[in-house]
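Structural overview for review
Okay, here's what each chain looks like letter by letter:
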Amino acid sequence: MLNLILFGPPGAGKGTQSEKLINGFQLAHLSTGNILRAEVAAQTPLGVEAKKIMDAGKLVPDTIIIGMVERRLREDSKRSDIKGFIFDGFPRTVAQAEALDKMLAEHEMSMDAMLMLDVPENELVTRLLKRAELQGRTDDNEATIKQRLATYKEETLPVAAYYQQQNKLHTVEGVGEIQAIYERLKGIVDGIKQ
Ligand code: AMP
């Protein structure tokens, strides 16, 4: 199994590059943001609560997120058509990273690498405002973007140090052509697989 985390601030291109990695390496996509947006769209009690937090640019509580990932891992680890997982937007706190290590061990798996997309902050804001026009995500407005970037720095960035301690952190420049960025990521993954 090949298990990867695609990491970086909001607007770094995690969704775009996840899709390419999924196709390139036959991985299951596990995006906590997408799972939450599906709950919001279905107006479940969790979705209603989560929407308020998401629109404020804050993090949904760890216990809720970890439960969601646990369920998805249990279902998808039975799939015979995948060769691993790509975690997108998760883990976002050190507590989530610790829980993920435990969950993977329970399924006799481990994390292979964290791929971090490095993008300057002014470029992130430009991209997120453009995405707001194209996709209409309610958390892509200017005030929420600012808060999401602050949340990333305070709560999520320490997760990179967690994987660096395990020698699993790889940083890639996330600016340029989408395909060129993918080639950089692919080069790292090819190296890990050997
Ligand atoms: P994303 O699509 O990954 O940018 O996620 C959108 C929003 O969903 C985030 O700003 C958070 O409010 C929430 N969210 C997604 N993933 C997580 C997570 N792993 N932990 C906490 N909140 C999350």
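Our subject is the structure listed above.
Just so you know, the residues in each chain are numbered from 1, in the order the chain's sequence is written. With the structure being a predicted model, the display of local features is reserved for residues of pLDDT at least 70 and the display and counting of side-chain atom pairs for 80 or more, all residues being used for whole-chain, interface and lining totals. Only hydrogens and water are set aside when side-chain values are computed; all heavy atoms of the structure are taken into account.

1. Regarding the layout of surface pockets
Going by this rule: Throughout, the protein atoms alone are placed on a 1 Å grid, and a set of points is a cavity if a 1.4 Å probe fits but cannot get out or a pocket if it is open with protein on both sides within 12 Å along at least five of seven lines; lining residues have an atom within 4 Å of a point. Grid points are joined across faces, edges and corners, and a volume is the space filled by probe spheres set on the points. We count a stretch as a helix when DSSP gives it H or I for four or more residues in a row; a strand needs E for two or more, and each element gets its number in order from the N terminus. Three classes are used, and their members are as follows: Ala, Val, Leu, Ile, Met, Phe, Trp, Tyr, Cys and Pro are nonpolar, Asp, Glu, Lys and Arg are charged, and the others, Gly among them, are polar.
Reported here for the largest pocket is a volume of approximately 1,200 Å³. Lining the largest pocket are 50 residues, and of these Pro-10, Gly-11, Gly-15, Arg-131 and Arg-137 sit closest to its centre. Of all the secondary structure elements, the ones that give two or more residues to the lining of the largest pocket are strand 1 (2-7), helix 1 (14-25), strand 2 (28-31), helix 2 (32-41), helix 6 (121-135), helix 7 (142-156) and helix 9 (178-193). Per-element accounting of the lining of the largest pocket gives the leading share, 8 residues, to helix 6. By residue class, the composition of the lining of the largest pocket is 17 nonpolar, 20 polar and 13 charged.

2. Some details on the nonpolar core
The condition that has to hold: Among buried residues, those of type Ala, Val, Leu, Ile, Met, Phe, Trp, Tyr and Cys that are joined through side-chain atoms within 4.5 Å constitute a nonpolar core. The cut-offs for exposure are 20% and 50% of the maximum accessible area for each residue type, with area from a 1.4 Å probe on protein chains only; residues under the lower value are buried, those over the upper are exposed, and the others partly exposed.
Formed by 32 residues in total, the largest nonpolar core has its most connected members in Leu-73, Phe-87 and Tyr-163. The next biggest cluster of nonpolar side chains, apart from the first, holds 23 residues, and it includes Leu-6, Ala-12, Ile-22 and Ile-145.

3. Section: the site of the ligand
Basically, it comes down to this: Throughout this document, a residue counts as near a molecule or strand when at least one of its heavy atoms sits within 4 Å of that molecule or strand. Polar contact is defined as a pair of N or O atoms within 3.5 Å, subject to the rule that within protein one atom must be able to donate a hydrogen and the other to accept it, and that residues adjacent in sequence are counted only when both atoms are side-chain atoms. Computed with the Shrake-Rupley method and a 1.4 Å probe, the accessible areas treat only the protein chains shown as cover for residues. For this analysis, a molecule is said to be in a pocket or cavity if more than half of its atoms are within 2 Å of the grid points defining it.
Surveying the vicinity of the ligand reveals 16 residues, the closest of which are Thr-32, Arg-37, Lys-58, Arg-92 and Gln-96. Between a nitrogen atom of the ligand and a side-chain N or O atom of Thr-32, the distance comes to 2.8 Å. Here Arg-92 contributes a side-chain N or O atom positioned 2.9 Å from an oxygen atom of the ligand. Surface burial for the ligand is 96%, taken as the share of its 480 Å² of free accessible area covered by protein chains. Comparing atom positions with the cavity grids shows the ligand to sit within the largest pocket. At 4 residues, the largest contribution of residues to the shell around the ligand is made by helix 2. In the shell around the ligand, the residues fall into 6 nonpolar, 4 polar and 6 charged.

4. Some thoughts on the sheet that holds strand 5 (residues 169-173)
We apply this condition: Here, strands pair whenever DSSP counts at least two bridges between them. A fitted line through C-alpha atoms serves as each axis, taken over the contacting stretch for helices, and the angle formed by two N-to-C directions is quoted from 0 to 180°. Residues count as neighbours in contact if any of their non-hydrogen atoms are within 4.5 Å of one another.
Overall, parallel pairing links the 5 strands, which are arranged 2-3-1-4-5 in an open sheet. The outermost strands of the open sheet, each flanked by one partner alone, are strand 2 and strand 5. The average undirected angle you get between the axes of adjacent strands in this sheet is 20°. Where strand 2 and strand 3 (residues 84-88) come together, 4 bridges link them in parallel fashion. Bridge pairing in strand 3 places His-29 opposite Ile-86. The sheet strands contacting helix 8 (residues 158-165) are strand 1, strand 4 (113-118) and strand 5, and the helix crosses strand 4 at an angle near 135°.

5. Overview of helix 2
Heads up, the condition is: The directions from the helix axis to the C-beta atoms are what the arc is built from.
For helix 2, the full list of buried residues reads Thr-32, Gly-33, Ile-35 and Leu-36. In a view along the axis of helix 2, the buried residues occupy a sector of 160°, so they form one face of it. Where helix 2 is buried, its residues touch strand 2, helix 3 (45-55), helix 4 (62-76) and strand 3. Two residues or fewer past helix 2, Gln-43 is found with a positive phi of approximately 50°.

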